[in-house]
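# Structural overview
Read off the chains here:
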Amino acid sequence: MSDERLSPGDEELVRVASLQRERAYAPYSRYKVGAAIRTKRNKIHSGANVENTSYGLTVCAERAAVFTAVNAGDRELDAIAIVIAGDELPSPCGACRQVLYEFGPAMRVILATTTGKRRATTLAELLPDAFGPASLPPAS
Ligand code: THU
């Protein structure tokens, strides 16, 4: 599937996310997800989901990637690629959409499969009317 909103650097981001996906630790769901984030400084940070015997402690790929970027000193995020295997495109969970919004309210989101499907969207479309830093009153 092609998408006119895809841009040239997106395929590189998808490639990094696909490689990172191989590092996913998902013995319980067997649903491996890879994510790669491009920052405004044009750096790429990636993450994969990490599950736990205590299921609720699982961390999604998208949040793993955001936390890696922020820990590297990159807080301004431009785009994220999210990759899963098979033919169905991924859809980031609500918690990850909220966490992505904190550091990339205008970010582009590239959804991809290992079979070559692609869809480009934006966080604004995935999380309309978001609650974010600008929603809080200034600290007194
Ligand atoms: N998962 C992600 O990594 N990203 C998402 O957007 C959805 C869910 C992971 C969490 C868990 O390891 C597995 O996929 C099944 O929910």
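The following paragraphs examine the structure supplied in this document. Keep in mind the model is a prediction, meaning the values are calculated, not measured.

What counts, and where the lines are drawn
- Residues numbered from 1 in each chain as written.
- Predicted model: local features only at pLDDT ≥ 70, side-chain atom pairs only at ≥ 80, totals over all residues.
- Heavy atoms only, no water.
- Patch = residues over 30% accessible without salt bridge, like charges linked within 9 Å, V, L, I, M, F, W, Y side chains within 5 Å.
- Areas by Shrake-Rupley, 256 points an atom, 1.4 Å probe, with all protein chains shown as cover.
- Salt bridge = Lys/Arg side-chain N within 4 Å of Asp/Glu carboxyl O.
- Helix = DSSP H or I, 4+ residues; strand = E, 2+ residues; numbered from the N terminus.
- Buried < 20%, exposed > 50% of the residue type's maximum accessible area, 1.4 Å probe, protein only.
- Near = heavy atom within 4 Å.
- Polar contact = N/O pair within 3.5 Å; in protein donor to acceptor, adjacent residues only side chain to side chain.
- Nonpolar A, V, L, I, M, F, W, Y, C, P; charged D, E, K, R; others polar.
- Pairing = 2+ DSSP bridges.
- Core = buried A, V, L, I, M, F, W, Y, C linked by side-chain atoms within 4.5 Å.
- Contact = heavy atoms within 4.5 Å.

Quick look at a nonpolar patch on the surface now. Together, Y25, Y28, V50 and Y55 make up an exposed nonpolar region whose accessible area comes to about 430 Å². Residue placement: V50 occurs in the loop between β2 (44-48) and α2 (61-71). On the basis of relative accessible area, V50 is assigned to the partly exposed category, the value being 43%.

Using the criterion set out here, one finds six salt bridges in the structure. Where E125 meets R5, a salt bridge forms, and the shortest distance between an N and an O atom there is 3.2 Å. Remark: R5 occurs in the segment before α1 (10-21) and E125 occurs in helix α4 (residues 123-126); sequence separation between them is 120 residues. For the salt bridge of D10 with R108, the shortest nitrogen-to-oxygen distance reads 2.8 Å. Of the two residues, D10 sits in helix α1 while R108 sits in strand β4 (residues 108-113), which places them 98 residues apart along the sequence. On the accessibility criterion, D10 (5% relative accessible area) is buried.

Attention shifts here to the site of the ligand. Around the ligand, the surrounding shell consists of S29, Y31, V33, N49, E51, T58, C60, A61, E62, S91, P92 and C93. Interatomic distance of 2.5 Å between a side-chain N/O atom of E51 and an oxygen atom of the ligand. Burial of the ligand by the protein chains amounts to 78% of its free accessible area of 370 Å². Among the residues forming the shell around the ligand, the class breakdown is six nonpolar, four polar and two charged.

On a regular strand, one side chain projects to one face of the sheet and the next to the other, so that they alternate. Most of strand β1 (residues 33-39) is tucked away: seven of the seven residues are buried. In β1, alternate side chains face the same way, and those of V33, A35, I37 and T39 on one face and G34, A36 and R38 on the other are all buried. Pairing between β1 and strand β3 (residues 77-84): seven bridges, direction antiparallel. Bridge pairing in β3 places I37 opposite I80. Where β1 and β2 come together, five bridges link them in antiparallel fashion. By the bridge assignment for β2, A36 is matched with S46. Hairpin geometry of β1 and β2 is characterised by an intervening segment of four residues between the two adjacent antiparallel strands and by a positive phi of about 70° at N42.

Time to look at α2. Taken together, the buried positions of α2 are A61, E62, R63, A64, A65, V66 and A69. Count one or two residues on from α2 and you reach G73, which has phi positive near 95°.

For the rest of this paragraph, the subject is the nonpolar core. The biggest cluster of nonpolar side chains holds 17 residues, and the ones touching the most others in it are I37, L77, I80, I82, L100, M107 and V109. Where this core is concerned, the elements lending two or more residues are β1, α2, β3, β4 and α4. Other than its neighbours up to four places away in sequence, I82 contacts V33, G34, A35, E62, P90, P92, V109, I110, L111 and A112. Counting residues in hydrophobic clusters, the runner-up holds nine residues, among them A17, A79, A81 and I110.

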